[in-house]
Structures are given as C-alpha cells and as structure tokens.
Amino acid sequence: MVVVHETSPSRVLLGAGARHALPDELTRYDAQRVLVVATRSAAPAADELAAALGERAVARFDRPVVHTPVAVTEEALALVEASRADAVVTIGGGSAVGLGKALVARTGLPHLTMPTTYAGSEVTPVLGETEDGVKRTRRDPSLLPRTVVYDVDLTLALPVGLTLTSAVNALAHAVEALWAATSTAVSDALATESARLLLDALPQVLAEPGDRPARAALQQGAWLAGTCLATVPMGLHHQLAHALGGTFDLPHAPLHTLLLAHVVRHNLPFAPTAVERLTAITGADPAAAIAALAASYDGPRRLRDLGVPADGLAAVADRVAAAPYPNPGPVDAPAVLDLLRAAW
Ligand code: NAD
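Procedures and definitions
- Residues numbered from 1 in each chain as written.
- Predicted model: local features only at pLDDT ≥ 70, side-chain atom pairs only at ≥ 80, totals over all residues.
- Heavy atoms only, no water.
- 1 Å grid on protein atoms, 1.4 Å probe; cavity = no way out; pocket = protein on both sides within 12 Å on 5 of 7 lines; lining within 4 Å.
- Points joined across faces, edges and corners; volume = space filled by probe spheres on them.
- Nonpolar A, V, L, I, M, F, W, Y, C, P; charged D, E, K, R; others polar.
- Near = heavy atom within 4 Å.
- Polar contact = N/O pair within 3.5 Å; in protein donor to acceptor, adjacent residues only side chain to side chain.
- Areas by Shrake-Rupley, 256 points an atom, 1.4 Å probe, with all protein chains shown as cover.
- Helix = DSSP H or I, 4+ residues; strand = E, 2+ residues; numbered from the N terminus.
- Domains from an automatic or database assignment.
- Contact = heavy atoms within 4.5 Å.
- Salt bridge = Lys/Arg side-chain N within 4 Å of Asp/Glu carboxyl O.
- Buried < 20%, exposed > 50% of the residue type's maximum accessible area, 1.4 Å probe, protein only.
- Expected span 1.5 Å × (residues − 1).
- Phe/Tyr/Trp six-rings, centres within 6.5 Å; stacked < 30°, edge-to-face > 60°.
- Pairing = 2+ DSSP bridges.
- Axes fitted to C-alpha atoms, helices over the stretch in contact; angles between N-to-C directions.
- Buried area = accessible area lost by both parts, 1.4 Å probe.

**Q** What is the right way to read the layout of surface pockets from this model?
**A** There is about 260 Å³ of room inside the second largest pocket. What lines the second largest pocket is simply Val4, Glu6, Thr7, Ser8, Pro9, Pro125, Arg139, Asp140, Pro141, Leu144, Ala230 and Thr231. For the lining of the second largest pocket, the class distribution of residues is 6 nonpolar, 3 polar and 3 charged.

**Q** So what exactly am I meant to see when it comes to the site of the ligand here?
**A** Gly94, Ser95, Thr116, Thr117 and Thr124 are the nearest of the 22 residues found near the ligand. Leucine 154 is positioned with one of its backbone polar atoms (N or O) 3.1 Å from a nitrogen atom of the ligand. For the ligand, the protein covers 81% of the area, taking 860 Å² as the surface of the free molecule. For the shell around the ligand, the element with the most residues is helix α4 (residues 94-107), which contributes 3 residues. A breakdown of the residues in the shell around the ligand according to their chemical character gives 9 nonpolar, 11 polar and 2 charged. Of the domains in this structure, domain 1 (11-155) and domain 2 (160-343) are the two that each give at least three residues to the shell around the ligand.

**Q** Please explain the environment of glycine 221 as it appears in this structure.
**A** Secondary-structure assignment places glycine 221 in helix α7 (residues 212-231). Sequence-wise, glycine 221 and arginine 106 are 115 residues apart; in three dimensions their C-alpha atoms are separated by 31 Å. Excluding its chain neighbours within four sequence positions, the residues that come into contact with glycine 221 are Ser194, Leu197 and Leu198.

**Q** Looking at this model, I keep getting lost on the pattern of salt bridges. Mind explaining?
**A** Where charged atoms from two side chains of opposite charge come close, those side chains can pair. Evaluation of the coordinates by the stated rule reveals 15 salt bridges. A salt bridge links aspartate 200 to arginine 196; the nearest nitrogen and oxygen atoms lie 3.5 Å apart. Placement of the pair is aspartate 200 and arginine 196 together in helix α6 (residues 185-207), with a separation of 4 residues, close to one helical turn. What makes aspartate 200 partly exposed here is its relative accessible area of 45%. Among the residues examined, arginine 196 registers a relative accessible area of 34% and is labelled partly exposed. Ionic contacts of the salt-bridge type, sharing partners, join the residues Arg19, Glu48, Asp151, Asp153 and Arg212 into one network.

**Q** Help me understand unusual backbone geometry, please; the structure alone is not making it clear to me.
**A** With the exception of glycine, most residues fall at negative phi, and the peptide bonds are largely trans. Its identity is not glycine, yet histidine 67 carries a phi of approximately 65°, on the positive side. Among the secondary structure elements, histidine 67 is positioned in the loop between β3 (57-61) and α3 (70-83).

**Q** Explain α4 to me, please; I cannot follow it from the model alone.
**A** For an α-helix, the turn length of 3.6 residues means that residues three or four places apart are oriented alike. Taking 1.5 Å per residue, 14 residues should reach 20 Å; α4 reaches 20 Å between its end C-alpha atoms and fits that length. Residues of α4 that are buried include every one of Ala96, Val97, Gly98, Leu99, Gly100, Lys101, Ala102, Leu103 and Val104, and no others. Looking at the buried residues of α4, the elements they touch are β2 (34-38), β3, α3, β4 (87-92), β5 (111-115) and β6 (126-131). Directly beyond the C-terminal end of α4, a positive phi value near 75° is found at glycine 108.

**Q** Looking at this structure, I do not really get the packing of aromatic side chains. What am I missing?
**A** The geometry of an aromatic ring pair comes down to the distance between the two centres and the angle between the two planes. All chains considered together, the criterion is met by 1 aromatic pair. Centre to centre, the rings of tyrosine 150 and tryptophan 223 are 5.8 Å apart; their planes meet at 40°, and the pair counts as tilted. Separated by 73 residues along the polypeptide, tyrosine 150 in strand β8 (residues 147-150) and tryptophan 223 in helix α7 bring together distant segments of the chain. For tyrosine 150, a relative accessible area of 2% corresponds to the buried category.

**Q** Sorry, what's going on with the sheet that holds β5 here?
**A** Pairing between the strands of a sheet comes from backbone hydrogen bonds, and it takes one of two forms, parallel or antiparallel. Strands sit in the order β1-β8-β5-β4-β2-β3 across an open sheet of 6 strands; the sheet is parallel. Only two strands of the sheet have a single partner each, and these edge strands are β1 (12-14) and β3. Averaged over neighbouring strand pairs, the angle between their axes works out to 15° when direction is ignored. In this sheet, β8 lies alongside β1 in parallel orientation, the contact comprising 3 bridges. The residue of β8 that forms the bridge with leucine 13 is valine 149. Against the sheet, α4 engages β2, β3, β4 and β5, with an angle of about 165° to β4.

**Q** Help me understand the side chain of serine 194, please; the structure alone is not making it clear to me.
**A** Note on placement: serine 194 falls in helix α6. Of note is the side chain of serine 194, whose polar atom sits 3.5 Å from the backbone nitrogen of alanine 225. Beyond its immediate stretch of four places on either side in the chain, serine 194 contacts Ala174, Gly221, Leu224 and Ala225.

**Q** What is the right way to read the domain arrangement of the protein chain from this model?
**A** Bring the parts together and some accessible area is lost; that lost area is often taken as the interface size. Structurally, the protein chain comprises domain 1 (11-155) and domain 2 (160-343). If you average the C-alpha positions of domain 1 and of domain 2, the two centres end up 26 Å apart. Across the interface of domain 1 and domain 2, roughly 1,600 Å² is buried in total on both sides, 59% from carbon and sulfur atoms. Among the residues domain 1 hides against domain 2, the three largest losses belong to Tyr118, Tyr150 and Val152. Together they make up 41% of the total. There are 1 salt bridge connecting domain 1 and domain 2. The salt bridge involving arginine 212 is made with aspartate 153; its shortest N-O contact spans 2.7 Å. At the boundary of domain 1 with domain 2, the tally comes to 7 residue pairs in polar contact (both at pLDDT 80 or more). Of the residues that constitute the side of domain 1 that touches domain 2, the class distribution is 10 nonpolar, 5 polar and 3 charged.

Structure (structure tokens):
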C-alpha cells in the first residue's frame, strides 16, 4: 500500500498574549478593513482587538452558529459587502472558525483566527455547512485560515463542562489518527504527543480551570489533534458522530465525549499500535480512562439523555455499515448497533 502524507501550510502564533500580535499580523495581508467575527463569549477579546485596530475594524458579527448554516453565512456576507472588508478575523470555537471559512469560500479574503475551544477546525482545510437540514462538507486547501493565533488567555474562561467535552473532542482526533490504516510516522508522532498533552493536562484543568500552563498544554494538544484531523482520515468514531449528530441534531462536543470510550473499547482489540501508545499514557485500560473522564461530565452522558430514541439506533447502524469510514474494528450493522446500544 502506498500512503500519501500531505502537510498543510500553516502559520501559527503561540503564547500568552499572542493576541496582541494580531494587528501587526494583519499587515502581512495588507488588511485595512477588517470584519471581526466573534462569539458573544469572545466579546471582550473582540472589543480589545477593535480598539487596537482603530479605523481598520470596520464591522463586527457576533452570531456564528454551530454547523455553519448557510443563512447565517449570507447575513455575514452582506456585512462583508456593505463594509467592504478586506480580511476576516474570527475569535471563538469551531462555529466562529466555520463561519470564517464559509466567508473565505465565497470571497477569497484572508482569514486569521484566534480559537477559544479545542475543536481544531482552525488547522483543517475542511468546511461543513448546513442548508435545509442537510450538512455538506468540502475540503480545499484555500479554506485553511492563513494565520492561527493560540493565546491561552482566550481559553481561561471556558467553563469546566465545555472544557471537558471540547478536549475529549480533540482527543478523538488523536485517537482515530493512531489507529488509521494510513497513519505515518508523522501522524503517529503528532497523535501520540497530542493524546499525552490532552490526557495529562485535562484533569489538572478540570480541578483548576485557571491553571495557565495546564490550559496551554491543552491548547497545544488540541492544535496537534486538529493537525491529525487535517492529515489522516477519521474512522468509526467520527462517522458515528456525523451520523447521529446529523440525524438527531445533537451538540457536537458532548456527543463526541459520550461516544469515544465506547468506540475505543470496540476498536482497541484490532489496533495494537493505538493500544500500546495510549496505554503508555493512561497506565491502564485506555477505554476505562476515557470513560472515567466522560463520566465526570455534568451533562448528558448517554445517547438517551440527548433525546436519541432507542428505535432510531438500528437505522443509524445500517447507514454506517452500508458505507463505513476506514476503521480497524468491525463495522457490520450488528456490531455497530451493539456499540450504539451501549452508548444509549
Ligand atoms: P462552538 O464554537 O459552537 O462553541 C460552543 C459554545 O462555547 C458556544 O456557546 C461558544 O460561545 C462557547 N465558547 C467558546 N469559547 C468559549 C470560551 N473561551 N469561553 C466561554 N465560552 C466559550 O463549539 P466547538 O465545539 O468549538 O465547535 C463546534 C463546531 O465546529 C461544529 O459546527 C463542528 O462541526 C465544527 N468543527 C469543524 C471542524 C472542521 O475541521 N471543519 C473541526 C471541529 C469542529
């Protein structure tokens, strides 16, 4: 088998206070008229940026929505046109980054981003958009944000529940990269270091959410995890998250969090490299370690808690088994249904 490894171009600024470098960074792209897209949670950072940019901050949009609905993108696009913006800066989680990518897809403007969660979208050339209840995903190198600024200070206020689910979302990218049939020395190294950073730092951050070095470790783990997502095809875990999330309109990170231990338990007997690398980090059964993390979530922990009907599981299992993503463990409908029932 010939495996192709492609590395995306990336320019990343890292460190506490890195956000203050953004105005200078914009000059690399000759940006004079900037649209700032920021979730409401990022309003203080957006205010600070707007003050630093002065007249260069020509417009602001504060309503990015999960799964990038086209109607919302069109609203933001009208703002780009009315303000004659020549660059987009996004501040927020995957929803803000997704809107930035959707604007780039329509305008070609440079997009700079400052992530505030661990979703990893900022380093992938992938955009998923929804219209009329259907999610369509496209992949194109031009969708990659031009500069990513990882400033740990922007993550300090992320609530504990979101921190947990978003970090486990990141961990899922690393874990699936470890068991991918087309993994390489590069993706293995990234995934192993990502899992180590995330699994080591997460308990510390949950105990002390303001711990900056631990938060910085989580953010770096999320960066590497996002790079895995961009580099290696994802398997059953992501397929289940897409199928369930799309069918029942479920929250992204909590869904990943409740599924991951089940998929790890399902796949590990068929994934010796992943077992070896994860066990070296968790010191025991990796599925149990991930299940323990997920059990500490003070939110929906089973598919039934998210409102998924028991009689809806078989159709999802059938769909997954009909066109499975590459995966080490079995993906026949009965095996997938067993896994879903356990998660239900
Ligand atoms: P999100 O961006 O929807 O944010 C979740 C919630 O957290 C929002 O209410 C937001 O306001 C709040 N929030 C974000 N940062 C905060 C902070 N620092 N402090 C306080 N509150 C904060 O969630 P997400 O999980 O980051 O992103 C999910 C979206 O990203 C989905 O649409 C998913 O499909 C997409 N995604 C895409 C890719 C890709 O490669 N294309 C990868 C991962 C996720």
